[in-house]
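Each chain, written out:
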Amino acid sequence: DVKVTQSSRYLVKRTGEKVFLECVQDMDHENMFWYRQDPGLGLRLIYFSYDVKMKEKGDIPEGYSVSREKKERFSLILESASTNQTSMYLCASRSRDRGRANEKLFFGSGTQLSVL
Amino acid sequence: GQSLEQPSEVTAVEGAIVQINCTYQTSGFYGLSWYQQHDGGAPTFLSYNALDGLEETGRFSSFLSRSDSYGYLLLQELQMKDSASYFCAAPLYGGATNKLIFGTGTLLAVQP
């Protein structure tokens, strides 16, 4: 089975802490994504990466950074966590190839982050 | 701006048929996907429509009308396990990159 693995299911951090969320995929996908999910707001794209060391801002990048040193791993970094970053964070990956067969996005199980 | 609009909640009874609508406003539209997410779980892919018309996969069907900027997910013979959130999504391509934007989601409650 294809798999996207997020390092933590639940995480509790304090305001001002630096937080690392890790994501690993085993499908050799070029594209990886970080979303946050909040009630009533759906999934909002934070950052995405289309290749090693390549990254692009999504719709809500403020307060976040990312790292993609290896193809299979995409990390989300909260430089100084704030309470408004309490959320469910979802990592996903997909093939770079276009076309119907490659439109499927594979998600990890999510990390519920609470910033106190 | 780019957005996908869905109703926030839909309620139906077991065995019935329900339709979840999605209207979109995007630049460079390529197609419409649907994802299912059970409470506490990860979103999972259901379908993708690149062309106008109806695509059927078992009890689930998805429809797209590009001229109306509109699509829907049709669930037939509803079961309790279909209670979940459903998201429409659209890919946006640009050069070497592509990303997926999501609607706000529709919470489907199936009642006995």
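Computed from a predicted model, the values in this text were never measured in an experiment. (Residues numbered from 1 in each chain as written. Chains lettered and ligands numbered in written order. Predicted model: local features only at pLDDT ≥ 70, side-chain atom pairs only at ≥ 80, totals over all residues. Heavy atoms only, no water.)

So, the overall build of chain A
What counts here: Working definition: helices are DSSP H or I runs of at least four residues, strands are E runs of at least two. Numbering for both runs from the N terminus. C-alpha atoms define the radius of gyration in this analysis, and the globule rule sets the expected value at 2.2 Å times the number of residues to the power 0.38. For this analysis, residues touch if any pair of their heavy atoms sits within 4.5 Å. A 1.4 Å probe and the Shrake-Rupley method give the accessible areas. Residues count as covered only by the protein chains that appear here.
Looking only at helices and strands, chain A features zero helices and 11 strands. Listed N to C, the secondary structure of chain A is β-β-β-β-β-β-β-β-β-β-β in terms of helices and strands. Computed over its C-alpha atoms, the radius of gyration of chain A comes to 14 Å, within 12% of the 13 Å expected for a compact globule of 116 residues. The contacts of chain A with a sequence gap of at least 6 include a subset with a gap of at least 24, amounting to 57%. Of the accessible surface of chain A, which amounts to about 5700 Å², a share of 48% is contributed by carbon and sulfur atoms.

A word on the overall build of chain B
So the rule is basically this: Each residue is assigned to one of three classes by its accessible area relative to the maximum for its type, calculated with a 1.4 Å probe on protein chains only: buried under 20%, partly exposed between the two thresholds, exposed over 50%. Charge assignment: positive for Lys and Arg, negative for Asp and Glu; neither His nor the chain ends contribute. For the purpose of locating charges, the reference atoms are NZ of Lys, CZ of Arg, CG of Asp and CD of Glu.
Of regular secondary structure, chain B possesses zero helices and 11 strands. The C-alpha atoms of chain B give a radius of gyration of 14 Å, which matches the 13 Å a tight globule of 112 residues would have. Taken along the three principal axes of its C-alpha coordinates, chain B extends 50 × 30 × 20 Å. Looking at chain B as a whole, 48% of its 112 residues qualify as buried. Contacts spanning at least 24 positions in sequence make up 55% of the contacts within chain B whose residues lie at least 6 apart. Of the roughly 5000 Å² of accessible surface on chain B, a fraction of 49% belongs to carbon and sulfur atoms. Here chain B contributes 4 positive and 10 negative side-chain charges, whose respective centroids are spaced 8 Å apart.

Some thoughts on the sheet that holds strand β7 (residues 60-65) of chain B
Paired through their backbone hydrogen bonds, the strands of a sheet run either parallel or antiparallel. All names here are of chain B. Just so we agree on the cut-off: Two strands qualify as a pair provided DSSP detects at least 2 bridges between them. Note on geometry: axes are lines fitted to C-alpha atoms, helical ones only across the stretch in contact, with angles between N-to-C directions running from 0 to 180 degrees.
The sheet built from five strands is open, its strands ordered β1-β3-β8-β7-β6 with antiparallel pairing. The open sheet terminates on both sides in strands that have one partner only, identified here as β1 (3-5) and β6 (53-57). Neighbour-to-neighbour, the strand axes of the sheet open up by a mean angle of 20°, direction not taken into account. Two strands pair when backbone bridges link them, and β6 and β7 are joined in this way by five bridges, in the antiparallel orientation.

Points about the pattern of salt bridges
Side-chain pairing between opposite charges can occur once the charged atoms of the two side chains come close. Note the following rule: For this analysis, a salt bridge means a side-chain nitrogen from Lys or Arg found within 4 Å of a carboxyl oxygen belonging to Asp or Glu.
A complete count under the given rule lists six salt bridges over all chains for this structure. Ionic pairing is found between R44(A) and D38(A), a salt bridge with its closest N-O pair at 2.8 Å. Given the relative accessible area of 26%, R44(A) is considered partly exposed. Across the salt bridge formed by R59(B) and D82(B), the nearest N and O atoms sit 2.7 Å from each other. Separated by 23 residues along the polypeptide, R59(B) in the loop between β6 and β7 and D82(B) in the loop between β8 (70-75) and β9 (84-94) bring together distant segments of the chain. Each of R36(A), D38(A) and R44(A) takes part in salt bridges that share partners, so that together they form one network.

Thoughts on the sheet that holds strand β7 (residues 64-70) of chain A
Residues and elements named next belong to chain A. Ordered in space as β1-β3-β8-β7, the four strands form an open sheet in which the pairing is antiparallel. Single-partner strands in this sheet number two, and they are β1 (4-6) and β7. On average, each strand axis in the sheet is tilted by 20° relative to the strand beside it, whichever way the strands run. Relative to strand β8 (residues 73-78), β7 runs antiparallel, the two sharing five bridges. Residue pairing across strands places S67 opposite S75, the latter belonging to β8.

Observations regarding the interface of chain B and chain A
Applicable threshold: Joining two parts hides part of their accessible area as seen by a 1.4 Å probe, and the buried area is that hidden amount summed over both. Residues adjacent in sequence count toward polar contacts only when both atoms are side-chain atoms; beyond that, a polar contact is any pair of N or O atoms within 3.5 Å, and within protein one must be able to donate a hydrogen and the other to accept it. Note on residue classes: Ala, Val, Leu, Ile, Met, Phe, Trp, Tyr, Cys and Pro are nonpolar, Asp, Glu, Lys and Arg are charged, and everything else, Gly too, is polar.
Each partner contributes residues to the interface: chain B has 26 residues there, and chain A has 26 residues. Both faces considered, chain B and chain A share a buried interface measuring about 2100 Å² in area, 53% of it formed by carbon and sulfur atoms. Taken together, chain B and chain A are joined by zero salt bridges. Viewed at the interface, chain A and chain B are joined by four residue pairs in polar contact (both at pLDDT 80 or more). Within the residue set of the side of chain B that touches chain A, elements represented by two or more residues are β4 (32-37), β5 (44-49), β9 and β10 (97-102) of chain B. No other element matches β10(B), which puts six residues into the side of chain B that touches chain A. When its residues are assigned to classes, the side of chain B that touches chain A shows 14 nonpolar, 10 polar and two charged.

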